Amino acid sequence: MTTYVALLRGINVGGKQRVPMQTLREMLTGLGCEAVRTHLNSGNAVFTHPDADEESLAAGLERAISRELGLSVRCLVRSAGDIRRVVDGNPFAGREVDPARFLVTFLDAPADPAAVSGLDPAAYAPEEFALGEREVYLHCANGIRDSRLAKTLTERRLGRVGTARNWNTVTKLAAMAED
């Protein structure tokens, strides 16, 4: 059995794209997932599956949400090991970084470094970012809501579908996936 983490994009925000967590758990169970648990009300689930892969699980979940709720929701699925890699690869480790102002944007594929090569880090200071394997780490020192860098590092610029989680959520999902 492999443990996975599902990250749903843009649900339960401002009353739009409502996906109840009980419904999400039931849909995942219907896809053959076991030991399904959710975290918060924002589309985070941890589960096991005996023989599927990340892409087929994400596609199956997207189809189930469309069929059962009539919503178009992008889903990213990562293995527990990949979530651990993201945590262990924290480029800001050892520094005082407020975890509520530190985001990881999970991407559907690696970002092209050329997409960010023209960004001058000094122009965004004290905000900073680092590309990971299939994620972008973003430290919004003055808060996420008014972050200029967060508004710059969009799906459009990166050419990838993404969904962001703050560091508290990322580390909680990693711990849940390792239980």
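To start, this report covers the structure provided alongside it. Just so it is clear, the model here is predicted, and its values are computed rather than measured.

## Examining the layout of surface pockets
And then number 1: Its volume calculated, the largest pocket comes out at about 770 Å³.
And then number 2: Around the largest pocket, the lining comprises 29 residues; the ones closest to its centre are L103, T105, T163, A164 and R165.
And then number 3: Secondary-structure elements contributing two or more residues to the lining of the largest pocket are β5 (102-107), β7 (135-139), α5 (148-152), α6 (155-158) and β8 (162-166).
And then number 4: For the lining of the largest pocket, the leading source of residues is β8, giving five residues.
And then number 5: Taken together, the residues of the lining of the largest pocket sort by class into 13 nonpolar, ten polar and six charged.
And then number 6: Of the voids in this model, the second largest pocket is the one considered here, and its volume is about 160 Å³.
And then number 7: Forming the boundary of the second largest pocket are 13 residues, of which E55, A58, C75, L76 and D108 lie nearest the centre.
And then number 8: Breaking the lining of the second largest pocket down by element, the ones donating at least two residues are α2 (54-69) and β4 (75-79).
And then number 9: When grouped by side-chain class, the residues that make up the lining of the second largest pocket number six nonpolar, no polar and seven charged.

## Section: the nonpolar core
For soluble globular proteins, the rule of thumb is that nonpolar side chains tend to be buried together.
And then number 1: Formed by 23 residues in total, the largest nonpolar core has its most connected members in L8, L24, L28, F47, L61 and I65.
And then number 2: Of all the elements in the fold, those that place two or more residues in this core are β1 (2-8), α1 (21-30), β3 (44-49), α2 and β4.
And then number 3: By residue number, the principal contributor to this core is α2, which donates five residues.
And then number 4: For L24, the residues in contact, after removing those within four places along its chain, are L8, V19, T38, G43, A45 and L61.
And then number 5: By size, the runner-up hydrophobic cluster in this structure holds 20 residues, among which are V46, L76, Y137 and M176.

## Description of the sheet that holds β8
One key point about sheets: their strands pair by backbone hydrogen bonds, in either a parallel or an antiparallel sense.
And then number 1: Spatially, four strands are ordered β6-β7-β5-β8 in an open sheet, and the strand pairing comes out antiparallel. A strand with exactly one partner marks an edge of an open sheet, and here the two such strands are β6 (128-131) and β8. In this sheet, adjacent strand axes meet at a mean angle of 20° when their direction is disregarded.
And then number 2: The pairing of β5 with β8 spans five bridges and is antiparallel. Paired with T105 across the bridge in β8 is A164.
And then number 3: Running over the sheet, helix α3 (residues 80-88) touches β5 and β7 and is turned about 35° from β7.

## Topic: the pattern of salt bridges
And then number 1: One pass over the structure, following the stated rule, counts 16 salt bridges.
And then number 2: Here R74 makes a salt bridge to E62, at a shortest N to O gap of 3.2 Å. With R74 in the loop between α2 and β4 and E62 in helix α2, this pair connects stretches of sequence that are twelve residues apart.
And then number 3: The exposure class assigned to R74 is partly exposed, which follows from its relative accessible area of 37%.
And then number 4: The partner of R78 in a salt bridge is D82, and the shortest N-O contact between them spans 2.9 Å. Just as R78 is buried, D82 falls in that class too.
And then number 5: When salt bridges that share partners are traced, they join E54, R78, D82, R85, E133, R134 and E135 into one network.

The rules behind the values
Residues numbered from 1 in each chain as written. Predicted model: local features only at pLDDT ≥ 70, side-chain atom pairs only at ≥ 80, totals over all residues. Heavy atoms only, no water. 1 Å grid on protein atoms, 1.4 Å probe; cavity = no way out; pocket = protein on both sides within 12 Å on 5 of 7 lines; lining within 4 Å. Points joined across faces, edges and corners; volume = space filled by probe spheres on them. Helix = DSSP H or I, 4+ residues; strand = E, 2+ residues; numbered from the N terminus. Nonpolar A, V, L, I, M, F, W, Y, C, P; charged D, E, K, R; others polar. Core = buried A, V, L, I, M, F, W, Y, C linked by side-chain atoms within 4.5 Å. Buried < 20%, exposed > 50% of the residue type's maximum accessible area, 1.4 Å probe, protein only. Contact = heavy atoms within 4.5 Å. Pairing = 2+ DSSP bridges. Axes fitted to C-alpha atoms, helices over the stretch in contact; angles between N-to-C directions. Salt bridge = Lys/Arg side-chain N within 4 Å of Asp/Glu carboxyl O.

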